[in-house]
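# Chain and residue survey
Chain residues, written in single-letter form:
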Amino acid sequence: MRCKSIYWLAVIMCLFAIGCDNTDDGSYVDPITIYEKVNGNWGLTNLKMVDEFAKANKIEPNEQNLSTWFNYEDFKIKFNVDENENPTSYEVTGNVPPLFAAKGFWQLSTAFQQTTGGGPAKIYLYSDAGKTQKTDELVLTSVPGKNGEMEFQLIHSSGGSPFVSYVFKLNAIN
């Protein structure tokens, strides 16, 4: 009986020793940044205008789908990065009324997704390469993942109170 117990104890210890074998191949991979995910060409799938005053006061309707109005189905945006994944320029194409500057330079408020309490990342838009003249900011409400979808919101305010926002839903264009 005692010999059987020692045998099973030895088998279990061998299994633990084999299970704890973590092979480190020695390679280090930098974490994926939001810049890598946002970089590239994006086509509009939906554009919604939200009346923030009506929404705050529970007045209906407070949203309007603009996707098929004013040629917005042709809206495309390209975010460029350099060889080190640093943001450079952006450009909107398509014959659409501009809701923000059609071209310029961009930068994120953070390179990585916030996991706790940091709020959503923002895409800052600039008119100059030195990124000193901010023209707008887009709130990144959905970070691109493997599904190739992204969503950002442009909020217009007056006196610190938002009165209208535009929600852009986009798909990656290969």
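Scroll up to find the structure.
So, here is what we can say about the structure in this document. (Residues numbered from 1 in each chain as written. Predicted model: local features only at pLDDT ≥ 70, side-chain atom pairs only at ≥ 80, totals over all residues. Heavy atoms only, no water.)

## Observations regarding the overall build of the protein
Test applied: Secondary structure elements follow DSSP: runs of H or I of four or more residues count as helices, runs of E of two or more count as strands, with numbering from the N terminus. With a 1.4 Å probe rolled over the protein chains alone, any residue whose accessible area is under 20% of its type maximum counts as buried; one over 50% counts as exposed, and the rest are partly exposed. Two residues form a contact once any of their heavy atoms are found within 4.5 Å. Each accessible area is a Shrake-Rupley estimate made with a 1.4 Å probe; only the visible protein chains count as cover when residues are assessed.
Counting secondary structure elements, the protein contains 3 helices and 9 strands. Reading the secondary structure of the protein in the N-to-C direction produces α-α-β-α-β-β-β-β-β-β-β-β. The buried share of the protein, taken over its 174 residues, is 30%. Partitioning the intrachain contacts of the protein with sequence separation of at least 6 by distance along the chain shows that 45% fall at a separation of at least 24. Of the roughly 11500 Å² of accessible surface on the protein, a fraction of 53% belongs to carbon and sulfur atoms.

## Here's the deal with the nonpolar core
Rules: Residue types Ala, Val, Leu, Ile, Met, Phe, Trp, Tyr and Cys, when buried and joined through side-chain atoms within 4.5 Å, form a set referred to as a nonpolar core.
Counting 30 residues, the largest nonpolar core has Phe75, Ile77, Phe79, Phe100, Trp106, Phe168 and Leu170 as the members making the most contacts within it. Sorting elements by how many residues they give to this core places strand 9 (residues 161-173) first, with 4 residues.

## Description of the packing of aromatic side chains
This is how the line gets drawn: For Phe, Tyr and Trp, where Trp contributes only its six-membered ring, two rings pair if their centres lie within 6.5 Å, and the inter-plane angle classes them as stacked under 30 degrees, edge-to-face over 60, or tilted in between.
Under the definition given, this model contains 11 aromatic pairs. Residues Phe79 and Tyr90 carry aromatic rings whose centres are separated by 6.4 Å and whose planes lie at 35 degrees to one another, so their mutual orientation is tilted. Of this pair, Phe79 sits in strand 3 (residues 76-81) while Tyr90 sits in strand 4 (residues 87-93), placing them 11 residues apart in sequence. A single burial state applies to Phe79 and to Tyr90, both of which are buried. An aromatic cluster of at least three residues, connected via ring pairs, comprises Tyr35, Phe75, Phe79, Tyr90, Phe100, Trp106, Phe152 and Phe168.

## Focus on the pairing of strand 8 (residues 149-158)
Moving residue by residue along a regular strand, the side chains alternate between the two faces of the sheet. Quick note on the threshold: At least two bridges found by DSSP between two strands is the condition for calling them paired.
Bridge count for strand 7 (residues 134-142) against strand 8 is 4 bridges, and the pairing is antiparallel. Bridge pairing in strand 8 places Leu138 opposite Leu154. From the end of strand 7 to the start of strand 8, which pair antiparallel, there are 6 residues, and Gly148 there has a positive phi angle of about 70 degrees. As judged from the 10 bridges shared by strand 8 and strand 9, these two strands associate in the antiparallel manner. In the strand pairing of strand 9, Glu149 is matched with Asn171.

## Notes on the pattern of salt bridges
How we decide: Between Lys or Arg on one side and Asp or Glu on the other, a salt bridge is scored when a side-chain nitrogen of the former is within 4 Å of a carboxyl oxygen of the latter.
This model, assessed by the stated rule, comprises 4 salt bridges. Close ionic contact of Lys122 with Glu137 constitutes a salt bridge, the shortest N to O distance being 3.2 Å. One end of the pair, Lys122, is in strand 6 (residues 122-126); the other, Glu137, is in strand 7, and 15 residues separate them in sequence. Owing to a relative accessible area of 28%, Lys122 belongs among the partly exposed residues under this scheme. The class of Glu137 is partly exposed, set by a relative accessible area of 27%. Where Glu137 meets Lys134, a salt bridge forms, and the shortest distance between an N and an O atom there is 2.8 Å. One continuous salt-bridge network, built from bridges that share partners, spans Lys122, Lys134 and Glu137.

## What to know about the side chain of Thr33
Looking at the secondary structure, you find Thr33 in the loop between helix 1 (2-19) and helix 2 (34-38). Assessed through its relative accessible area of 13%, Thr33 is described here as buried. Once residues within four sequence positions are removed from consideration, Thr33 is found in contact with Ala111 and Phe112.

## Here's the deal with the environment of Asn95
You can see Asn95 is positioned in the loop between strand 4 and strand 5 (103-108). Classification of Asn95 by relative accessible area gives exposed; the value is 62%. Taking the C-alpha atoms as reference points, Asn95 and Phe70, separated by 25 residues in sequence, lie 8.3 Å from one another. With near-sequence residues (within four places) excluded, Asn95 lies in contact with Phe70 and Asn71.

## What to know about the side chain of Asp128
Definition in use: In this tally, Asp and Glu contribute negative charge and Lys and Arg positive charge; neither His nor the terminal groups of the chain are included. Counting of polar contacts relies on pairs of N or O atoms within 3.5 Å, with two restrictions inside protein: one atom must be capable of donating a hydrogen and the other of accepting it, and residues adjacent in sequence are counted only when both atoms are side-chain atoms.
With respect to the element layout, Asp128 can be found in the loop between strand 6 and strand 7. Buried and without a salt bridge, Asp128 has Lys131 as its closest oppositely charged side chain, separated by 9.2 Å. Here Gln133 takes part through its backbone nitrogen, which lies 2.9 Å from a polar atom of the side chain of Asp128. With residues near it in sequence (within four places) discarded, Asp128 still touches Phe105 and Gln133.

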